[in-house]
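Structural features, examined
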Amino acid sequence: MIAQLVFLAGFTVVTAVIIAFTGMVAVGARRTDGGTHVGAVLRSRLARRSYDRGEGNRWAFYAHRVSGFAVFAFLALHILDVSAYAWSPGMYDDVHELYSTVPMRVFECGLLAALAFHALNGLRLVAIDVWDVGPVGAARLLDAVAGLTAVLTLGGAVVIMWPALGG
Amino acid sequence: MEPTTTRTDTRTRTRPGRIGGRSFLIIRGTGVLLAVLALGHFAVTHLVNDVAQTDATFIARRWSSALWVVWDGLLLVTALAHVGTASVAVVRDYWTDPAGQRRMLAALRGLLLVLLVIGAVTLLFAAG
Amino acid sequence: MTLLVRVARSDPGAPAEFRVETFHPMTVLDVLLAIQREHEPSLGFRFSCRVAMCGTCTIRVDGRSALACQTVLPEDATRLRLDPAAGFPVVRDLITDTTPFWEQWARITPYVVPADDAVGGEPAVIPPDSAEREAIDPALDCIQCGACFSSCGIAGQPRTFLGPAALNRALVLIQDSRDTATRERRELVAGADGVDRCHYIYGCTGSCPKGLDPARSIRRLRKGGRDDG
């Protein structure tokens with residue numbers, strides 16, 4: 001019981017830290033990034049099929065940074081909650097019950113999205129360096145990364161949510 | 001008005017030097033490894049097995065196999081190494097005074113060390 | 001046709017929305033001059049040559065860094081938003097203090113440092129069709145307008161990242177066989193403020209009014225640039 005409360009407290013801290021980090025990134029972007037405005041203009045720009053597709057690269061960078069941090073924040077919590085197993089398997093099971101609740105499952109889908117995007121975009125960055133593709137090539141690869149991330153996330157979400165929502 | 005352009009797509013034969021510095025290689029190397037290790041770990045613990053089934057007995061079973069002990073151990077080390085190296089640039093971007101940077105990086109390294117020790121102890125304890 | 005223009009003003013009480021009569025082709029600089037002439041004489045902005053050579057009129061048009069004199073309005077444009085270049089302290093309205101750009105520019109020793117025995121000797125000969133010229137030429141025409149620096153999500157005050165323009169120039173000089181400051185530049189480029197801070201946003205290449213490719217120069221630098229003694 002106490003273990004569950006401690007875990008929930010830790011989980012709240014993790015969520016708060018992720019939100020704070022995203023805010024810090026956004027503030028930094030407002031000040032130093034001279035490339036985009038959120039809103040109708042952005043949507044039309046993202047849709048354009050010209051060298052303007054470079055906008056996607058910009059958002060990919062911010063998504064990569066935030067998703068990386070989010071995965072790390074979760075990882076810290078995860079290492080700690082799995083370490084409960086070394087204390088007592090009973091305590092671990094106690095905490096682990098929380099993982100199969102619906103809110104936690106939804107969180108897991110978010111985690112999958114962040115992990116999948118960060119991994120795939122990271123591989124895209126390696127490809128850019130190794131094969132020296134230019135901005136247009138990078139934007140095309142980003143299309144593939146976004147598509148693949150969506151597929152993995154949706155597929156994974158179905159698998160994760162299925163037992164809780166009917167199954 | 002067209003921009004005057006000197007855009008020539010010449011591929012120059014620069015003498016092949018090493019790509020990037022040490023931290024560059026560490027980030028990319030651990031990253032590629034993690035793409036496999038982390039996604040695989042997630043797949044097995046959340047997709048192939050439903051998360052409700054990954055209780056203490058699941059852990060006992062998983063870590064009685066050398067494959068998963070090595071997999072998870074490698075995952076732990078590479079993940080923390082990746083975070084440690086990649087976050088240097090992030091810290092430098094948001095803490096612009098050198099003293100603040102050093103403090104933040106030291107705190108981060110401390111946290112990563114603690115996590116490494118906890119994770120390693122748990123794994124070694126469970127693997128017997 | 002009238003264009004609705006929103007301009008970022010330093011004084012929150014100053015008028016920031018204007019309706020401008022357009023003609024075609026019309027550049028953003030024409031728009032600014034029209035506003036200043038017909039609506040708001042106190043509007044602050046910089047320009048000089050009007051032909052994309054001096055690099056003075058860098059601002060953000062609809063969020064994208066560009067030269068005002070070179071950015072032509074699309075025929076069907078009805079709205080326009082103008083902001084000062086990003087990453088610089090704002091002096092007034094669209095006028096920015098470009099010191100952060102020049103600080104980073106100066107760090108890479110942005111000129112050829114000849115060998116001691118080269119001064120007073122024979123002129124260096126680097127033929128136009130040599131491999132060296134092929135490597136240098138695409139990157140040489142930087143007018144130091146700061147559009148790349150502004151559009152980079154990393155470069156900008158108060159950070160110390162060298163930025164795309166400085167790194168591009170560093171590559172040019174590293175590859176120049178007459179120059180002897182290669183080692184210092186490479187140390188700087190490989191250091192904490194160099195190529196490791198670039199995160200592939202590609203804003204630089206997308207916004208260069210001269211068609212340069214700083215992102216490519218940075219990729220070249222990662223691979224070692226030119227090997228020199």
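What you see is a predicted model; the values in this text were computed from it and never measured. (Residues numbered from 1 in each chain as written. Chains lettered and ligands numbered in written order. Predicted model: local features only at pLDDT ≥ 70, side-chain atom pairs only at ≥ 80, totals over all residues. Heavy atoms only, no water.)

With that out of the way, let us pick up the interface of chain A and chain B. Counting from both sides, the interface comprises 37 residues of chain A and, opposite them, 39 residues of chain B. Together, the buried faces of chain A and chain B total about 3,100 Å²; carbon and sulfur atoms form 76% of this surface. Considering only the side of chain A, the residues that lose the most area to chain B are A:Arg65, A:Phe72 and A:Tyr85, jointly responsible for 19% of the buried surface there. Joining chain A to chain B, the criterion identifies three salt bridges. The partner of B:Asp50 in a salt bridge is A:Arg105, with the nearest N and O atoms 2.9 Å apart. Between chain A and chain B we count eight residue pairs in polar contact (both at pLDDT 80 or more) in total. Elements that contribute at least two residues to the side of chain A that touches chain B include exactly helix H1 (2–32), helix H3 (54–87), helix H4 (89–99), helix H5 (102–131) and helix H6 (135–161) of chain A. (Contact = heavy atoms within 4.5 Å. Buried area = accessible area lost by both parts, 1.4 Å probe. Salt bridge = Lys/Arg side-chain N within 4 Å of Asp/Glu carboxyl O. Polar contact = N/O pair within 3.5 Å; in protein donor to acceptor, adjacent residues only side chain to side chain. Helix = DSSP H or I, 4+ residues; strand = E, 2+ residues; numbered from the N terminus.)

Attention now goes to the nonpolar core. Judged by nonpolar contacts, the single largest core of 42 residues is most densely connected at C:Phe161, C:Leu167 and C:Leu221. Only H1, H3 and H5 of chain A, helix H3 (66–94) of chain B together with helix H2 (99–107), helix H4 (147–151), helix H5 (164–174) and helix H8 (214–222) of chain C provide two or more residues apiece to this core. No other element matches H5(C), which puts six residues into this core. Excluding its chain neighbours within four sequence positions, the residues that come into contact with C:Phe161 are C:Gln104, C:Cys152, C:Ile154, C:Ala155, C:Leu167, C:Asp193, C:Gly194, C:Arg197 and C:Cys198. (Core = buried A, V, L, I, M, F, W, Y, C linked by side-chain atoms within 4.5 Å. Buried < 20%, exposed > 50% of the residue type's maximum accessible area, 1.4 Å probe, protein only.)

On to the interface of chain C and chain A, then. With 30 residues of chain C at the interface, the matching set in chain A holds 27 residues. Both faces combined, the contact of chain C with chain A buries some 2,200 Å², and carbon together with sulfur accounts for 49% of it. At the surface where chain C touches chain A, the tally comes to three salt bridges. The interface formed by chain C and chain A includes eleven residue pairs in polar contact (both at pLDDT 80 or more). In terms of residue class, the side of chain C that touches chain A is made up of eight nonpolar, twelve polar and ten charged. (Nonpolar A, V, L, I, M, F, W, Y, C, P; charged D, E, K, R; others polar.)

Residues and elements named next belong to chain B. One can describe the packing of helix H1 (residues 22–48) onto H3 by two numbers: an axis separation of 8 Å at closest approach and a directional angle of 135 degrees. Classified by the angle their axes make, H1 and H3 are oblique. Considering only the axes of H1 and H3, their crossing is left-handed. (Axes fitted to C-alpha atoms, helices over the stretch in contact; angles between N-to-C directions. Parallel < 35°, antiparallel > 145°, perpendicular 65-115°, else oblique. Left-handed = near helix turned anticlockwise from the far one by under 90°.)

Our next topic: the confidence of the model for chain C. Here chain C averages 90 in pLDDT, while 98% of its residues score no lower than 70. Among the scores for the predicted complex, ipTM is 0.87 and pTM is 0.89. (pLDDT = per-residue confidence, 0-100.)

Moving on, we come to the environment of C:Glu17. Relative to the elements of secondary structure, C:Glu17 occurs in strand S2 (residues 17–21). With residues up to four places along the chain from it excluded, the contact list for C:Glu17 reads C:Leu4, C:Val5 and C:Arg6.

So, on to the sheet that holds strand S5 (residues 79–84) of chain C. Backbone-to-backbone hydrogen bonds pair the strands of a sheet. The strands run either parallel or antiparallel. All names here are of chain C. With mixed pairing, five strands are arranged side by side in an open sheet as S2-S1-S5-S3-S4. Every interior strand has two partners, whereas the edge strands, S2 and strand S4 (64–67), have only one. Adjacent strand axes in the sheet meet at a mean angle of 35 degrees when their direction is disregarded. When strand S1 (residues 2–7) meets S5, the two strands line up parallel, connected through four bridges. (Pairing = 2+ DSSP bridges.)

Residue and element names in this part refer to chain C. The assigned domain composition of chain C is domain 1 (2–96) and domain 2 (99–222). The distance between the C-alpha centroids of domain 1 and domain 2 comes to 29 Å. Across the boundary between the two partners, domain 1 contributes 15 residues, which contact 16 residues of domain 2. Interface of domain 1 and domain 2: buried area, both sides summed, is about 1,100 Å²; carbon and sulfur atoms make up 55% of it. Interface area lost by domain 1 to domain 2 is led by Ser-65, Gly-87 and Phe-88, which between them contribute 38%. Taken together, domain 1 and domain 2 are joined by zero salt bridges. The tally of links from domain 1 across to domain 2 stands at eight residue pairs in polar contact (both at pLDDT 80 or more). Elements that contribute at least two residues to the side of domain 1 that touches domain 2 include exactly strand S3 (58–61) and S4. Ranked by residues supplied to the side of domain 1 that touches domain 2, first place goes to S4 with three residues. Class assignment of the residues belonging to the side of domain 1 that touches domain 2 gives a composition of eight nonpolar, five polar and two charged. (Domains from an automatic or database assignment.)

Residue and element names in this part refer to chain C. Sheet topology places S3 next to S4; four bridges connect them, and they run antiparallel. Residue pairing in the sheet places Ile-59 in a bridge with Ala-66 of S4. Two successive antiparallel strands, S3 and S4, enclose a turn made up of two residues, where Asp-62 displays a positive phi of approximately 50 degrees.

Next up on the list: the confidence of the model for chain B. Residues and elements named next belong to chain B. Of all residues in chain B, 84% attain a pLDDT of 70 or more, and the chain-wide mean is 84. Confidence, read as mean pLDDT per element, is least for helix H2 (residues 56–62) in chain B (89) and greatest for H3 (94). Low pLDDT, under 50, characterises residues 1–16; the predicted model gives this stretch 35 contacts beyond four residues in sequence or across chains.

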